[in-house]
Amino acid sequence: MNRLIKTLWLTALVAVFLLLMNVEAAAAPADDTDKLEAFIDGIIYRQMDENNIVGATVAVVQDGEIKLTKGYGYADRENRVLVDPAETLFRIGSTGKLFTWTAVMQLVEQNLIDLDTDINEYLDFEIPDRLFGWDGYGDPGPITMRHLLTHTPGFEDKGQGLFVLKPEEMLTLENYIKENIPARVYPPGEVMAYSNYGTALAGYIVESVSGLTFAEYVEENIYEPLGMDRSTFRQPLPDDLEPSMAEGYNFYNGAFYRGSFEYISALPAGSMSSTAEDMARFMIAHLQEGVSGDARILEESTVREMHSRQFAQHPEQDGMTYGFIEQSINNRRIINHGGNTFLFATGFYLLPEENVGFFVSYNGGTGLEREALLTALMDRYYPAPETDELTPPEGSIERAAALTGEYLPNRANFTSMEKLFRLLSGARVGVNQDGYLLVNVLGYPQQFVEVEPGVYERRYTEGTDLARKIVFVEDSAGRMMMCAEGPVFTYTRAPWYGSGTTAGLLTGSTLLLMVTAIAGWIYASVGRVIRKEKSGAPKSALAARLVAVVYGLFVLIFIVTLLSVVSDIDPAFGVPRTFLGEPTGLDTVLTLPYIIAAAAAAMLVFAVLGWIKKYWTVGGRLHYTVLALSSLGMIWLMLYVNLL
């Protein structure tokens, strides 16, 4: 009996010990700052080595206190200037949007902005009420600040002119807003399509109702109360901050290239520069319901509202708060916002229930590093509970089959040649014989398991982490949407005629037909020369073939030159030079589709004449007609992607 009692006591003690160990493992990361620092050191130094990153800066806060700030590597590689978390400024890109949304909510508190009022009421120009390409809708209804806060105003995306490299090329916020009004492509409040323009527009409204420039408003109402004296939205940087700005680097073809300062005309959407220590103060203010030290920047109720979910495409998917993006890792709720420029990558993560915040910024890399660091921290300090491996339920093959197809991103351009990039960014969805859903995004395949109709969780945890959960929903026009990794990445299933696959088939078949036709004509001509025969075809028949040759050559020249322009990478920024506004000859290349269209029209005329005047044999006429029709398909494609 005594032995039994002792055994039970030992078992209980072990259980309590294990429970305490689990509690410690799940405790906030800053409970042991030395271990936290060592853990982060190991990850970031490995990332810097493996991914050729020059520097990084980190801040961790907990329970209203800064627990860790640290710099890694160099702010200036050439001069061996080290990153200082208190002094070195990093470009935080779209993470700065959180300051725009905080400013908006301050003005909501003051009743200067109403979340449900038509934004045109605050503007000195008008956002049109027309809805581009959305069948079945007339007036889409007004866009409100609530829509801007949740990235659901329905704007198309527009990259042209967002980044420039010379200060004289940068537009004022007013000019940018008025000269770059995007098309409205979704009804407001229905589709999450991330919008830099929408955030810039909100910042312009802040200017309008406050009477201050956007940079001045943030300085007076957020920076100064929080003691963020080393942060700014201003471009160029103020004289006292410019010497502390980290340089941005890109590793290209085995060498480091130093980029120049990136100027962003959409100021409130991504022009902010800051230090890790300043960002720690901002994290504390949001985690402490608006308070940091003696300063209050928001009321408690406002912070709670701002951090609550305000929009989601599906109840089982992460959604949008007022400005923050929800993210679920290991059954923990995170609200966050990433930020990328061409040279910097930033992550800002809050765990409100745990009262913990984490900030990281790199002056290089791809942006995937911040998510890898976050995942490692979550697995270390907030590990996921053990779960059984999911298997496809009965009927999953049939349900998944209804979801297959090619899906194109909703954050895209629809009215300029930038639409071409939408066709090249699609996700392909299929199903295998075991019922697993197969999703391939930009060449990265993943398998998902159905957990309920329309809701899928990732099968494997290792490998490329593109999404942990995806859901499928129909929009109000009956089109199937796929939402991957929270609300940010939403896709709509493409019709057969509007898919990247169709575009590839049209282009490939046109080139193949032209190559075989030209080869056949050359072969026939050489044969006649060898046989010393004269062509009996009339001059108009020869002209028909000449026009077809011109068409084929110009199609080939256009494709080659366009690929050349797009692949002309600026080594300092790692992107095509045309994205930076540099002269690349793109304007000249874009004149070629008009020559191609003229040649295609002439081919159609000659195809008709060929049948009327019987230029060639029936087989020859059929072949030329097929060529002419394929050219018509090519012209339709160019019209579809706005090249004509």
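Going by the structure above, here's the rest.
Rules used in this analysis
- Residues numbered from 1 in each chain as written.
- Predicted model: local features only at pLDDT ≥ 70, side-chain atom pairs only at ≥ 80, totals over all residues.
- Heavy atoms only, no water.
- Helix = DSSP H or I, 4+ residues; strand = E, 2+ residues; numbered from the N terminus.
- Buried < 20%, exposed > 50% of the residue type's maximum accessible area, 1.4 Å probe, protein only.
- Areas by Shrake-Rupley, 256 points an atom, 1.4 Å probe, with all protein chains shown as cover.
- Lys, Arg positive; Asp, Glu negative; His and termini not counted.
- Charge placed at Lys NZ, Arg CZ, Asp CG, Glu CD.
- Pairing = 2+ DSSP bridges.
- Axes fitted to C-alpha atoms, helices over the stretch in contact; angles between N-to-C directions.
- Left-handed = near helix turned anticlockwise from the far one by under 90°.
- Contact = heavy atoms within 4.5 Å.
- Nonpolar A, V, L, I, M, F, W, Y, C, P; charged D, E, K, R; others polar.
- Phe/Tyr/Trp six-rings, centres within 6.5 Å; stacked < 30°, edge-to-face > 60°.
- Polar contact = N/O pair within 3.5 Å; in protein donor to acceptor, adjacent residues only side chain to side chain.
- 1 Å grid on protein atoms, 1.4 Å probe; cavity = no way out; pocket = protein on both sides within 12 Å on 5 of 7 lines; lining within 4 Å.
- Points joined across faces, edges and corners; volume = space filled by probe spheres on them.

A. Up close: the overall build of the protein. Helix and strand counts for the protein come out as 18 helices and 25 strands. Counting only C-alpha atoms and orienting by the principal axes, one finds that the protein spans roughly 110 × 75 × 55 Å. The burial tally for the protein puts 51% of its 644 residues in the buried class. In the structure as shown, the protein presents an accessible area of about 29,000 Å², 56% of it carried by carbon and sulfur atoms. Here the protein holds 48 positive side-chain charges and 78 negative ones, and the gap between their average locations is 13 Å.

B. Seen up close, the pairing of strand 20 (residues 455-458). Of the pairings in the sheet, the one linking strand 19 (residues 444-452) to strand 20 comprises 4 bridges and is antiparallel in character. Within strand 20, the residue paired with F448 across the bridge is R458. A loop of 2 residues connects strand 19 with strand 20, the two strands running antiparallel in sequence, and G454 in this loop sits at a positive phi of about 85°. Sheet topology places strand 20 next to strand 21 (residues 469-474); 3 bridges connect them, and they run antiparallel. When the bridges of strand 21 are listed, Y456 appears paired with I470.

C. Representation of the packing of helix 15 (residues 539-566) against helix 18 (residues 618-640) in the model. Contact pair helix 15 / helix 18: the axes reach a minimum separation of 12 Å and the direction vectors enclose 35°. Handedness of the helix 15/helix 18 crossing: left-handed. Along its contact with helix 15, which presents A544, R545, A548, Y551, V555, F558 and I559, the element helix 18 presents Y624, S630, S631, M634 and M638. Within the contact of helix 15 with helix 18, the residues separate by chemical class into 9 nonpolar, 2 polar and 1 charged.

D. Spatial organisation of the packing of aromatic side chains. Taken as a whole and assessed by the stated rule, the structure comprises 23 aromatic pairs. Their ring planes at 80° and their centres at 5.9 Å tell us that F90 and F344 sit as a pair that is edge-to-face. Here F90, found in strand 4 (residues 90-91), pairs with F344, found in the loop between strand 13 (332-340) and strand 14 (345-351); they are 254 residues apart in sequence, far enough to count as distant. Each member of the pair, F90 as well as F344, is classed as buried.

E. Summary view of the side chain of H151. Along the chain, the position of H151 falls in the loop between helix 4 (145-149) and strand 5 (163-164). There is a polar contact of 3.0 Å between the side chain of H151 and the backbone nitrogen of S195. Excluding anything up to four places from it in sequence, H151 contacts K97, W101, V191, M192, A193, Y194, S195, T199 and M320.

F. Examining empty space enclosed by the protein more closely. As enumerated under the stated definition, the model contains 2 cavities of 30 Å³ or more in all. Estimates place the volume of the largest cavity at around 110 Å³. Around the largest cavity, the lining residues are P29, L36, V60, L351, V356, F358, L374, L377, M378, Y381 and Y382. The dominant element in the lining of the largest cavity, judged by the number of residues it contributes, is helix 11 (residues 368-381), at 4 residues. In the lining of the largest cavity, the residues fall into 11 nonpolar, no polar and no charged. Around the second largest cavity, the lining residues are E156, D157, K158, Y176, N180, S195, N196 and Y197. Within the lining of the second largest cavity, the residues separate by chemical class into 2 nonpolar, 3 polar and 3 charged.

Note that every value here comes from positions in space, so none of it alone points to a role or purpose.
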